Every structure is written in C-alpha cells, then in structure tokens.
Number of protein chains: 2
Amino acid sequence: MADKSSGGGETGERWTVASLARRAGVAASTVSRALRGDPRISAEVRARIAALASEVGYTPNVLARSLVGGRSGLIGLVIGPVENPLYAALLQKAVTLAAERGWRLLLVHAGAGPIEQATAESLLQYRVDGCLITSAELPSRVAAICRADGVPLVMVNRVAWEHGSAVSCDNRAGGTLLADLLVRAGHRRLAVVRGGLVTSTSRERTEAFAARVEAEGLATPIILGGANTHAMGYAAGAQIAAMPADTRPDGVMCASDLLAMGVMDAVREHGLRVPEDLSVVGMDGAAPAVRAPYRLTTVAQPLDAMLGRAYDLLEERMRGVNRADELVLLRGELIVGTSARLPAGFVHSQDPA
Amino acid sequence: MADKSSGGGETGERWTVASLARRAGVAASTVSRALRGDPRISAEVRARIAALASEVGYTPNVLARSLVGGRSGLIGLVIGPVENPLYAALLQKAVTLAAERGWRLLLVHAGAGPIEQATAESLLQYRVDGCLITSAELPSRVAAICRADGVPLVMVNRVAWEHGSAVSCDNRAGGTLLADLLVRAGHRRLAVVRGGLVTSTSRERTEAFAARVEAEGLATPIILGGANTHAMGYAAGAQIAAMPADTRPDGVMCASDLLAMGVMDAVREHGLRVPEDLSVVGMDGAAPAVRAPYRLTTVAQPLDAMLGRAYDLLEERMRGVNRADELVLLRGELIVGTSARLPAGFVHSQDPA
DNA sequence: CACGTTTGCGCAATCGATAGCATGAATTTT
DNA sequence: AAAATTCATGCTATCGATTGCGCAAACGTG
C-alpha cells in the first residue's frame, strides 16, 4: 500500500516531514507547522495532516529538532549508589517528575565510584539541557564540565561546592532535632556513626548532633563509622556491642538509615535489644528502615519536594534566566518508630491527641 | 583572546567543526576527518587540529552526528521498581556495562506502574539504537512500539512474550534445585510465597519448585503471596506464623529475595526462629538478603553475565544482523546462608572441604 | 471595479557533522 | 619530459525539522 518512494511504510524506512509532505501533497514546512498547531495553517489542512501522521505512525525525530531548536529535552542524571534505598527512591521519583515536565533522563552515572572523563563528556556530547546530580560524594569533574559549558546544574542531597545550585534537606536541623529527642528521653552516653568523611550530608548531621549534645551539657559523643554503607554500620554496631555495659552508649545517631540498619543488625546479633539496651536513630526515611524489622526513628527527607524544587531551579536556568546559584534547604519530617526510647509524654506526630 | 567571530570561546558559544575550521584555516570536512583519525589527512594537519580542539575544549555534537550517521548511541532502558534491590543492582551494572560499549542509557521508565504512551514514544523520538527491558512485568506497549519501528529489543529477567530476545536466569532449574535442597534436608511440609501472578519469573520458580516437591512424593506446597513486595512477604510470613505448629510449613521457598526478607521479618516478629522452626529460601541473590540479619540461602542470578549476553544480542541486531529472536537461559548460583536447614553432609560450595 | 489587507502555504536557509566527488599539487611512471 | 597516479584537502549535498521571508489567492473596503 504505502509507496516506497514516499519514504515511509512497511519497508522499515521511517516517515519524515518530507515523506509526509509528498504524500499529502504539501510542503515539508507545512507539515511541520500543521503538526505543531501553527494557526497559520488552515484547520482543514491541519486536520488532514494530523490524520495522516497518526495513520502512518509518524514520530518526529527529536535529534533533528534539537539541532535547530537548541534544546535536547535531555537532563543528565548522575546518581549515587542505588543499593542505598534512598537513592533508589530518588531515582524513581526523578524519572517520574522529569517525564511530567517533558524531559528525559540521560543516565550518565550510577554508583559510588568516581566518574570517568569519557562518561562526563557525554553530557556535552548529547547537549543536555541541564544536569541533576544526586550523590553525597563530590563529583567535581561533572560540575567543572557543566560550568565550562554553561549547562545548568542542580545538586540534590549535597550542597554546592564550586558551581551550581543545590537542594538539600536541612541536615543540621535534623541532627539537632535528633539530639534533642535523645537527650530529652534521658540518654546520657551518645554516639554517632558517620558516613563518608567528605560528604556534606554526613558532616552536617554529625556536627549538628554533637553540637547540641554538648550544648545540653553532656559529654561529646564518640564518633564511629566513616563510610555510608551497611557494612560500616554493622562494624560500628559490633564495636558498640563489644563495649562494657557501663560505658557503652545508650543512644546512637547514624548519619543515614543505611548505617542505622547496619548498626541495628549488629547489636541485635550480639544480643542487645533496641531500644531497651540501646536507642538507635537515623536520617533519610529510607523505606526498608522504616518498616519491620527496624521501625527506625528517623528524619525523612522530603524527596518529592526536593526534586520539585530542583527541577524548578533547572527550568529557570534552562530558560536563560541568569540567576545566581542558590542553596535551598527543606525541613525533614520526624518519623517516630520504635528504635529509640522517647521523652516522657512524647506525642506521636502522626497521632495527635 | 578567542575571537567571537570564530564562533567559540568564552562567550558561551560552543565550538563546532565550522568554527574550528575557520580558526585553523581549513575546511569543516577536514576538521571532521582529522578528529576522526582519517588517514587521508596528513599527520601534521591532524595533530594541529587535534591540539586546537583539545585546547579550546571542543566536544562534538552527537545529536548532529547521529542525524547523518543513523545511530544515536542511545539505549532505551525500562527498569522495574528499584526499591527491589535486585533491580537496583541491575541498573548499576547496566550503566557500567553500557558505558564500556560506548552507549548511553536513556532512562525511559523506572518503577512498577505501567508505561505511559508518551513515555514509550520517546524511545522513537530519540531514535534509540536499542532497548533494554528489565522488569518482571509485561511492558507490551514498549515491545509493540519497538517491533513496529524495528528497534532491537532485549529483555532481562523476563521471557519474551511477543517480540524481542530475552536473557533470563533459569528459573525452573533454580526452583528445582531449592526444592531438592529442602526435601533432602528433611523438610516435609513446604510452602511457596509467590510474586506477581503474571510475571514469568515468579510463575516458573513456583511451578518448578512445586513440581519437584510433588515428584519427591510430598504434599503439594501451599501457595501464598501474589505480589513481589516486602509487604506481601511480610503478610505471608504472618499467615505462616499464625498456623498451628503441627500443620505449619517447615520450609518456605519465596519467589524472590524481597519476599523472603518479608517472610523472615514477619515470622521472627512472631517468635519463630529461622531456620530452627522454619527454613526460608529465596531466589535472586539480592545484596541485603544475603547479609545480616537474613543470611538467606538463595539462588543468585548471574547479573553480569546476563547483561553481557543481553548487550551482545542487542549489538548484533544493531549491526543489522537479521537474526531470529532467541531466549538465553543462564544458570544461577546457589548461595548457602543460614536461613535453611541443610541436608546432612551438605558441603558448602564456597568452602570445599 | 481597483486597490490594500489578510490568509495560507511554499521556498530556501539553518542547525552541526559527515561523506561522496572534485580539484590542484606533488609525485611517480613510461 | 609528458603522462599517469597518488595525495591532501576543499566543495557541496545530506540527515530531519524548523523558521523567516516571500508570494499568490481570497478577502475586504471605498
């Protein structure tokens, strides 16, 4: 049926504006305008071309369009280790929210390791309109590349280091909140299990927690950990469990839920009960940490809001608005589980009396 | 320094072959050939242009290249719910292995839900060279689109339904292996916790396990579950724990590690010990299931090998080789944890005596 | 009925990179 | 020394979609 010389049809050749135009007996520019709803094309012709296009299953070539239009509709995504459930959740939401804005994600990197130069360059090769970095580590190579080429850049869950805006949970506020909670509940010997030594999230959470503990007149928390993995949490938990009961911490704040899960796994294997022998709190609000068997008391990051703001920031800058970089902090939400003893008279936030 | 009329430099304008050519005093085609290492260009000129390109930080526009070249270098990725750690691992490996082949991943969909038409169409709009579907669910819409436009398609962890090749773990062999293991260890009342009712992986694992159990002369396993989530596993575990001890199953095979974790969490909360009161085995080899507190006995999917084969299949078909669709099955590896009683004299595979 | 204005659409250039063909110079061959 | 090659590079069309400009025909008005 479809004649081959028209350039489309069952031959596997894809339809183009040109072949559609030949078939419809109009110019290619008319096809283009008709499909984009240009009012200069008569409603009659527009309908005819639209019908033809959907009949033959025409799909515009975005690559060609972006060549002239200047925007690719692609957002580069650099994501941290997705074995961390927080990043997994972030990834999923990032895809969904991007689709709602008509963007597609070019998955540039996923994992803990550093980003290779060749990988980072693909951001430029594919002319991404913007870049979203979601990783607690410091991918300065990507940041440098984006800056050099004027690609808007937004970081989520990590504060800006050299270039680009950032959206983050207010980690200090979270750390302070958790310190307050533990101190008011009567804990006296506190510990912190920290994540990566160079990650801003871990540092801020740890510092704020320790500062508030000291401000309350208690001894400086002992610091354990040093990497944001389950194994590191497990090791720290084993260390804690091995301490004599009279000097052992009675409250532990972990810089992430992943660490908290490791800590709980270890101390429980060593026969300690949570929270009777030891309170554990975390930060992130990762799904597996909140449910059984952990039921962790934690500060959940508002991922939807964070990504929404991040995309807003990107969109502004993609439109050419020449704004200064900004840092947006959003407050996390306390999720009260059963992993920590609570202050007397503490009212469950989800359960207002 | 950089003169604006040359089209590149600090003005934010990006360098192109044309602007590089003007700057170098040669033709654009010469720049293109020089950068691609065409031997027809003298070594001298080639070196000069290469030096200039790296000096100004030129990056080729892949979009333009693919317009003439016909290939975009993009692989569409459709991935299942990444809160399932198996998919998270798959995602991470998929990115790494794709980069090794010089491909980039266009993240089309991530999650459990169905794929929207507009989302699926982006596969065609961006002229992906191939498509990788990693999901136990049946994204037939994507398959149909790929078939209609001749886009090579490979599925991982799901068997082909209508169109495209597939690479999968040999789920039946795994189910049989686990049934053997439990029966030989003396379990007599077996149960299965299955995943999604329409997913091939869950169905095959369940059927093979049940078939072998019956072949061994034991009663047909009771079937629980019906969705591949932690919550479903937890619910099934609660059901099991609620049964009277003399009729309660003494061995449970879960169609995924995610389910197995849910089952173990539930039965432990109800005071049952694993494996003393109940053996639990899973399938997948997900990282959190293998470590504390689960230490699950499971059949690990060979993800690296699976993805390697999947990409091989894609690559062949992208080169235009007109091969028939094929189904590749790879054997999983038994990982022996502590979640199940073992047959007497069972030799730990990682620990040959 | 003549002239100006809108309406509707085609022509051709453009985006950036690539590839076929052509061209002039340098080199080899007879 | 004239002819035949080889070599290095330039010219130009091409991929597919978009867009500024131009040009008819249809419309309206005086």
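Heads up: the structure comes first, above all this text.
Everything numeric in this text was worked out from a predicted model, so none of it was measured. (Residues numbered from 1 in each chain as written. Chains lettered and ligands numbered in written order. Predicted model: local features only at pLDDT ≥ 70, side-chain atom pairs only at ≥ 80, totals over all residues.)

Undergrad: Mind laying out the protein's contact with DNA strand C, listing which residues take part and the relevant values?
TA: Close contacts around DNA strand C come from 24 residues, with Ser 29 and Thr 30 of chain A together with Thr 16, Ser 29 and Ala 64 of chain B the closest. Among the elements that make up the surface near DNA strand C, the one with the highest residue count is helix 4 (residues 62-69) of chain B (five residues). Classifying every residue of the surface near DNA strand C gives 13 nonpolar, eight polar and three charged. (Near = placed C-beta within 6 Å. Helix = DSSP H or I, 4+ residues; strand = E, 2+ residues; numbered from the N terminus. Nonpolar A, V, L, I, M, F, W, Y, C, P; charged D, E, K, R; others polar.)

Undergrad: Kindly report on the protein's contact with DNA strand D, identifying the contributing residues and their values.
TA: Close to DNA strand D lie 25 residues; Thr 16, Ser 29 and Ala 64 of chain A together with Ser 29 and Thr 30 of chain B are nearest. Of all the secondary structure elements, the ones that give two or more residues to the surface near DNA strand D are helix 2 (28-35) and helix 4 (62-69) of chain A together with helix 2 (28-35) and helix 4 of chain B. With five residues, helix 4 of chain A is the largest single contributor of residues to the surface near DNA strand D. Each residue belonging to the surface near DNA strand D can be placed in one class, and the counts come to 13 nonpolar, eight polar and four charged.

Undergrad: Can you explain the interface of chain B and chain A? Please cite residues and give values.
TA: Every contact between the two is made by 48 residues of chain B and, on the other side, 48 residues of chain A. Contributions of two or more residues to the side of chain B that touches chain A are made by helix 4, helix 5 (85-100), strand 2 (104-110), helix 6 (117-125), helix 7 (140-149), helix 10 (230-242) and helix 11 (257-269) of chain B. Tallying contributions element by element places helix 5 of chain B first for the side of chain B that touches chain A, with seven residues. Of the residues contributing to the side of chain B that touches chain A, the split by class is 24 nonpolar, 14 polar and 10 charged. In this structure, strand 2 (residues 104-110) of chain A lies alongside strand 2 of chain B, joined through three bridges in antiparallel fashion. Pairing of Leu 106 of chain A across the sheet is with Leu 106 of chain B, part of strand 2 of chain B. (Contact = placed C-beta atoms within 7 Å. Pairing = 2+ DSSP bridges.)

Undergrad: Give me the lowdown on the sheet that holds strand 3 (residues 130-134) of chain A, citing residues and values where you can.
TA: Strand order in the open sheet formed by 12 strands is 11(A)-5(A)-4(A)-3(A)-1(A)-2(A)-2(B)-1(B)-3(B)-4(B)-5(B)-11(B), and the pairing between neighbours is mixed. For this open sheet the edge positions go to strand 11 (327-330) of chain A together with strand 11 (327-330) of chain B, each flanked by a neighbour on one side alone. For this sheet, the mean angle separating the axes of adjacent strands, direction not counted, is 20°. One ladder, built from five bridges, connects strand 1 (residues 74-79) of chain B with strand 3 (residues 130-134) of chain B; its direction is parallel. When the sheet's bridge partners are listed, Leu 77 of chain B is paired in strand 3 of chain B with Leu 132 of chain B. The sheet contacts of helix 6 (residues 117-125) of chain A involve strand 1 (74-79), strand 2 and strand 3 of chain A together with strand 2 of chain B, and relative to strand 2 of chain A the element is tilted by about 165°. Helix 6 of chain B contacts strand 2 of chain A together with strand 1, strand 2 and strand 3 of chain B of the sheet and is inclined by roughly 165° relative to strand 2 of chain B. (Axes fitted to C-alpha atoms, helices over the stretch in contact; angles between N-to-C directions.)

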